[in-house]
Amino acid sequence: MERLFASVKNSIVYMDDMLVYARSLEELRNMVKEVKKVMQLNDLTINEKKSLYDQEKGWEEEQQSAFDELKLAAENDLVKRGYFDDNDKTILYMDASPWGLGAVLAQENMDGSERRIIACASKSLTAVESRYPQLHREALAII
């Protein structure tokens, strides 16, 4: 599924589910048309009972409060940059998509009181790498 929709912008495929997003309702409708076109070309069907179309999300006080809380938690969790220390716990955060890889090498004090970022890296995938299975892309992100 990921390969079929790799050319469709603003879409996320997870197994047999798909999310399409856009900045405007008009753009969203165009993206949905594009998705349906790809599906039709590949003899795929949509479960209309399970599908939700053109849902607009508002940004109210509740969303702003949750965003501010998340931002504060992120700032308090991994804000410091530092140097590698052989004695500290090392953590590798990484992720891969059909288009790119990202990784963060971090360390935590032995008592767990402080985390710091050691290095960050990202890479766009080549045409060949983007055809790797997801597990192989995740392994590539480690390297």
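The structure under discussion appears in the preceding block.
Not measured: the values here are computed from a predicted model.

Of the regular secondary structure elements, the protein holds 3 helices and 6 strands. Computed over its C-alpha atoms, the radius of gyration of the protein comes to 20 Å, more than 25% above the 15 Å expected for a compact globule of 143 residues. Here the C-alpha coordinates of the protein stretch approximately 55 × 45 × 25 Å along the principal axes. Sorting the 143 residues of the protein into buried and exposed places 20% on the buried side. Excluding contacts between residues fewer than 6 apart, the proportion of contacts in the protein whose partners are at least 24 apart in sequence is 43%. Roughly 11100 Å² of accessible area belongs to the protein as shown, and the carbon and sulfur atoms make up 55% of that amount. Averaging the locations of the 19 positively and 26 negatively charged side chains of the protein gives two centres separated by 7 Å.

A word on the side chain of Glu-129. Considering the arrangement of structural elements, one finds Glu-129 in the loop between β6 (115–124) and α3 (134–142). The class for Glu-129 is buried, based on a relative accessible area of 13%. A distance of 2.7 Å separates a polar atom in the side chain of Glu-129 from a polar atom in the side chain of Lys-123. Once you skip the residues sitting within four places of it in the chain, Glu-129 turns out to touch Lys-123, Ser-124, Arg-137 and Leu-140.

On to the sheet that holds strand β5 (residues 100–108). Sheet strands pair via backbone hydrogen bonds, and the direction of the pair is either parallel or antiparallel. Within the open sheet, the 4 strands sit side by side as β3-β6-β5-β4. Their pairing is mixed. Bordering the open sheet on either side are β3 (80–81) and β4 (89–96), each of which pairs with just one other strand. The pairing of β4 with β5 spans 8 bridges and is classified as antiparallel. Along β5, the bridge assignment pairs Leu-92 with Leu-105. Each of β4 and β5 touches α3; the most contacted strand, β4, lies at about 140 degrees to it.

In terms of nonpolar packing, the biggest core is built from 10 residues, these being Phe-5, Val-8, Val-13, Val-20, Leu-28, Met-31, Val-32, Val-35, Val-38 and Met-39. Counting residues per element, this core draws most heavily on helix α1 (residues 25–41), at 6 residues.

So, how was this worked out
Residues numbered from 1 in each chain as written. Predicted model: local features only at pLDDT ≥ 70, side-chain atom pairs only at ≥ 80, totals over all residues. Heavy atoms only, no water. Helix = DSSP H or I, 4+ residues; strand = E, 2+ residues; numbered from the N terminus. Rg over C-alpha atoms; globule rule 2.2 N^0.38 Å. Buried < 20%, exposed > 50% of the residue type's maximum accessible area, 1.4 Å probe, protein only. Contact = heavy atoms within 4.5 Å. Areas by Shrake-Rupley, 256 points an atom, 1.4 Å probe, with all protein chains shown as cover. Lys, Arg positive; Asp, Glu negative; His and termini not counted. Charge placed at Lys NZ, Arg CZ, Asp CG, Glu CD. Polar contact = N/O pair within 3.5 Å; in protein donor to acceptor, adjacent residues only side chain to side chain. Pairing = 2+ DSSP bridges. Axes fitted to C-alpha atoms, helices over the stretch in contact; angles between N-to-C directions. Core = buried A, V, L, I, M, F, W, Y, C linked by side-chain atoms within 4.5 Å.

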